[in-house]
Amino acid sequence: MTTSSTESPDARTPSNFLRDLIAEDVRTKKYGNAVIQTRFPPEPNGYLHIGHAKAIFLDFGLADEFGGKTNLRFDDTNPEKEETEYVESIQKDVRWLGFDWEKLCYASDYFGQLYEWALQLIKAGKAYVDDLAAEEIRQYRGTLTEPGKDSPYRNRSVEENFDLFVRMKNGEFPDGSRVLRAKIDMASPNLNMRDPVMYRILHASHHRTGDAWCIYPMYDYAHGQSDSIENVTHSMCTLEFADHQPIYRWYIEQLGIFPSQQIEFDRLNLTYTLLSKRRLLQLVQEGHVRGWDDPRMPTLSGIRRRGFTPEAIRAFIASVGATRTNGIIDIEMLEHFQRDDLNRRAARAMAVLRPLKVVIDNYPEGKEEFVEVANNPEDPEAGTRQVPFSREIYIEQDDFREVPPPKYYRLSPGKEVRLRNAYFITAQSMVKDAAGSVIEVHCTYDPASHGGNSPDGRKVKSTMHWVSATHAISAEIRLYDKLFVMPDPSDVPEGGSYLDNLNPNSIEIVTDAKLEPSLANAKIEDRFQFERVGYFCVDPDSAPGKLVFNRTLPLKDTWAKIEKKAAS
RNA sequence: UGGGCGAUCGUUCAAUGGUAGGACAGUGCCCUUUGGAGGCACUUAUCUAGGUUCGAAUCCUAGUCGCCCAGCCA
């Protein structure tokens with residue numbers, strides 16, 4: 001793996017049962033001197049999301065810790081759902097997260113071998129061709145509490161099974177007319193062991209093998225053997241596959257091949273977030289979002305566009321660990337790790353989202369000067385830059401109140417505040433429009449406070465960001481909020497849909513924000529902290545002279561909290 | 001009500017028979033040229049009942065609660 005070692009120093013990886021188990025296998029030489037081998041096995045039927053980041057982190061990270069290797073293997077056994085678009089996006093996303101694979105593999109690479117093994121099982125009397133219809137197979141399977149019953153085709157001769165299966169493969173039968181089944185135990189308490197289907201007939205074109213095959217292996221028949229072929233020692237997957245472990249082992253034992261072992265861990269769940277490929281696909285197809293990479297989506301491509309960093313995601317995943325309990329992690333935990341990362345690394349800039357004009361009456365008309373501003377107070381090595389200042393500036397509408405509420409430290413009539421890195425100013429008067437809204441504030445400044453400190457040592461309560469009106473550049477800024485209003489998006493009253501929980505205000509577009517001129521050179525994907533506002537990154541929709549920013553996250557806002565408390 | 005898996009602060013992860021600890025969230029204070037960041041402090045947890053043991057979150061038994069499984073999806 002090729003992580004860029006920028007992990008936060010305090011992001012200790014806590015112990016977890018997976019690491020303990022691998023360590024024990026290494027200690028006891030369960031696989032002799034063979035290297036630890038894992039795999040990340042997505043089905044290319046959609047875009048990767050933050051939940052996959054956990055599997056990726058575990059598959060690649062754990063192997064790496066033990067000096068092992070990891071393959072990226074596409075589990076492409078169902079041609080009806082899989083597309084090349086997805087195999088490309090998946091590779092891009094894994095790399096973006098900071099991992100690289102030993103081998104790039106496909107389950108479809110093994111179709112030939114899997115077919116030979118099926119023939120072998122038939123000859124051994126361990127598999128048979130069943131002519132029952134899908135619906136009949138379901139009925140014969142029994143229920144959770146009642147055993148199933150044998151198919152009338154279960155005792156066909158080896159010769160007949162062999163002949164029928166070869167003809168299935170040769171395309172002599174229509175879709176759904178027959179399947180190949182493993183002969184195990186129709187009375188097993190584990191439904192997966194009641195003669196599971198190994199192959200189905202599908203006259204469908206596969207994204208890689210084209211029309212070479214018209215029978216395709218089922219997941220259970222393909223997965224363990226694919227692991228075995230790749231000498232995978234530890235095959236990690238999510239908890240819902242725990243019931244499949246007996247069948248995973250059965251095929252490997254019957255075939256006498258490399259004994260890969262399956263280990264299950266819990267899926268990642270986040271509050272206010274949907275992590276179901278099916279539903280994510282629906283959001284895209286029905287236009288509830290602008291695409292797979294919409295910055296509100298939990299897909300890796302979405303959060304990347306939103307401005308999240310692989311470093312933060314890795315630190316987050318490391319902190320949540322892996323267990324076998326199913327919980328829901330507070331989305332604020334992810335946001336914390338993202339702010340933590342960006343706070344250390346993001347260049348600062350001043351941007352006014354909702355401008356209010358301030359005229360400094362005693363500042364010479366036509367004069368301009370430059371003030372020196374730190375690019376990142378957290379990182380002196382980031383250096384400084386010169387920001388233009390003039391008689392007319394913009395401040396945030398929120399930073400002025402004609403009638404200040406209690407504990408409001410910002411600008412109000414008669415109050416003195418600091419313009420960051422510039423001067424102290426005091427509000428003197430206002431200009432209002434016909435509706436009575438303040439549209440302009442007139443101030444005076446203290447020339448002695450250049451740089452933001454008064455030589456007499458007097459203090460001000462508030463420091464505010466600003467942009468020189470004559471130098472400002474305009475930009476579009478997209479503000480995002482949670483996509484869903486409920487902590488559990490599926491939490492709906494009887495007959496409702498998770499779509500009812502969509503947040504109608506998940507995106508707000510500010511069309512004419514005022515930015516300091518240095519931002520004119522910002523490039524796509526550049527990340528900034530707009531001081532006192534939040535973290536932002538340049539969206540690919542930007543064009544020369546027309547910048548578009550996405551708000552990754554707002555800064556924590558103590559004042560908003562005070563205001564909210566006062567209101568309640 | 002068959003089988004599998006699980007249960008520790010509000011949330012999440014640790015403690016691997018020996019002081020229940022960290023992170024997030026919350027609250028208060030300090031500090032601050034970002035009401036950001038940082039620092040300090042505080043609050044809150046071993047599902048229940050038995051048992052083994054000098055000693056149990058950890059081992060055993062029973063119960064309770066939760067999740068998963070009846071695709072020719074993965």
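Residues numbered from 1 in each chain as written. Chains lettered and ligands numbered in written order. Predicted model: local features only at pLDDT ≥ 70, side-chain atom pairs only at ≥ 80, totals over all residues. Heavy atoms only, no water.

Asks: Would you take a moment to explain the overall build of chain A for this structure?
Replies: Looking only at helices and strands, one finds 13 helices and 25 strands in chain A. Over its C-alpha atoms chain A spans a radius of gyration of 31 Å, topping by over 25% the 24 Å that the globule rule assigns to 568 residues. Taking the principal axes of its C-alpha atoms as reference, chain A extends roughly 100 × 55 × 45 Å. Looking at chain A as a whole, 52% of its 568 residues are labelled buried. Taking contacts inside chain A between residues at least 6 apart in sequence as the whole, the part at least 24 apart equals 71%. Roughly 25,700 Å² of accessible area belongs to chain A as shown, and the carbon and sulfur atoms make up 49% of that amount. Of the side-chain charges in chain A, 71 are positive and 86 negative, and the distance between the mean point of each set is 3 Å. (Helix = DSSP H or I, 4+ residues; strand = E, 2+ residues; numbered from the N terminus. Rg over C-alpha atoms; globule rule 2.2 N^0.38 Å. Buried < 20%, exposed > 50% of the residue type's maximum accessible area, 1.4 Å probe, protein only. Contact = heavy atoms within 4.5 Å. Areas by Shrake-Rupley, 256 points an atom, 1.4 Å probe, with all protein chains shown as cover. Lys, Arg positive; Asp, Glu negative; His and termini not counted. Charge placed at Lys NZ, Arg CZ, Asp CG, Glu CD.)

Asks: Is there a simple way to explain the packing of helix α4 (residues 111-123) against helix α7 (residues 219-229) in this structure?
Replies: A pair of packed helices is captured by two measures, namely the crossing angle of their axes and the spacing between those axes. At their nearest, the axes of α4 and α7 sit 11 Å apart, and the two run at 110° to each other. Judged on the interaxial angle alone, α7 and α4 are roughly perpendicular. In terms of crossing hand, the pair formed by α4 and α7 is right-handed. Facing Q113, L114, W117, A118 and L121 of α4, the residues of α7 in contact are Y221, A222, Q225 and I229. Classifying every residue of the contact of α4 with α7 gives seven nonpolar, two polar and no charged. (Axes fitted to C-alpha atoms, helices over the stretch in contact; angles between N-to-C directions. Parallel < 35°, antiparallel > 145°, perpendicular 65-115°, else oblique. Left-handed = near helix turned anticlockwise from the far one by under 90°. Nonpolar A, V, L, I, M, F, W, Y, C, P; charged D, E, K, R; others polar.)

Asks: What is the right way to read helix α13 (residues 558-567) from this model?
Replies: Residues spaced three or four apart along an α-helix point in a common direction, a consequence of the helix completing one turn every 3.6 residues. Counting buried residues along α13, only one of its 10 residues qualify, which leaves the element largely exposed. Structurally, the start of α13 carries an N-cap: the backbone nitrogen of W559 is 3.2 Å from a side-chain oxygen of D557. (Polar contact = N/O pair within 3.5 Å; in protein donor to acceptor, adjacent residues only side chain to side chain.)

Asks: I tried to follow the nonpolar core on my own but got confused; where do I start?
Replies: Membership of the largest hydrophobic core comes to 43 residues, with the highest contact counts inside it found for V94 and I313. Listing elements by their share of this core, those giving two or more residues are α1 (17-27), α2 (50-65), β2 (69-74), α3 (84-96), β9 (261-265), α10 (300-306), α11 (310-320) and α12 (331-345). For this core, the leading source of residues is α2, giving eight residues. If you count residues domain by domain, this core takes at least three from each of domain 1 (34-265) and domain 2 (277-345 + 475-515 + 522-567). Those residues in contact with I313 that lie beyond four places of it in its chain are I50, A53, W96, L97, I303 and F308. (Core = buried A, V, L, I, M, F, W, Y, C linked by side-chain atoms within 4.5 Å. Domains from an automatic or database assignment.)

Asks: How do you make sense of the sheet that holds strand β25 (residues 547-554) when you look at a structure like this?
Replies: Whether parallel or antiparallel, the strands of a sheet pair through hydrogen bonds between backbone atoms. Strand order across the open sheet formed by seven strands is β10-β23-β24-β25-β21-β22-β11, with mixed pairing between neighbours. Each edge of the open sheet carries a strand with a single partner, namely β10 (347-349) and β11 (351-352). Bridge count between strand β21 (residues 473-480) and β25: four bridges; the pairing is parallel. If you follow I477 over to β25, its bridge partner there is F549. (Pairing = 2+ DSSP bridges.)

Asks: I keep staring at a positive patch on the surface and nothing clicks. Help me out?
Replies: The grouping of K407, K556, K561 and K565 at the surface amounts to a positive patch. Counting through the fold element by element, K407 comes out in the loop between β15 (392-396) and β16 (416-419). The exposed category is assigned to K407, whose relative accessible area is 56%. (Patch = residues over 30% accessible without salt bridge, like charges linked within 9 Å, V, L, I, M, F, W, Y side chains within 5 Å. Salt bridge = Lys/Arg side-chain N within 4 Å of Asp/Glu carboxyl O.)

Asks: How should I be thinking about the domain arrangement of chain A in this particular structure?
Replies: Frequently, the measure chosen for interface size is the accessible area removed from exposure when the parts meet. Looking at chain A, the domain boundaries give domain 1 (34-265), domain 2 (277-345 + 475-515 + 522-567) and domain 3 (349-472). Look at where the C-alpha atoms of domain 1 and domain 2 centre, and you get two points 36 Å apart. Between domain 1 and domain 2, the contact holds 22 residues from the first and 21 residues from the second. Summed over both sides, the interface of domain 1 with domain 2 buries roughly 2,100 Å², with 69% coming from carbon and sulfur. On the domain 1 side of the contact with domain 2, Y47, I50 and W96 bury the most area, a combined 34% of that side's loss. Across the domain 1-domain 2 interface, the total number found is two salt bridges. For R324, the salt bridge is made with E264, and the minimal N-O distance between the two is 3.1 Å. Remark: the boundary between domain 1 and domain 2 carries seven residue pairs in polar contact (both at pLDDT 80 or more). Of all the secondary structure elements, the ones that give two or more residues to the side of domain 1 that touches domain 2 are α2, α3 and β9. (Buried area = accessible area lost by both parts, 1.4 Å probe.)

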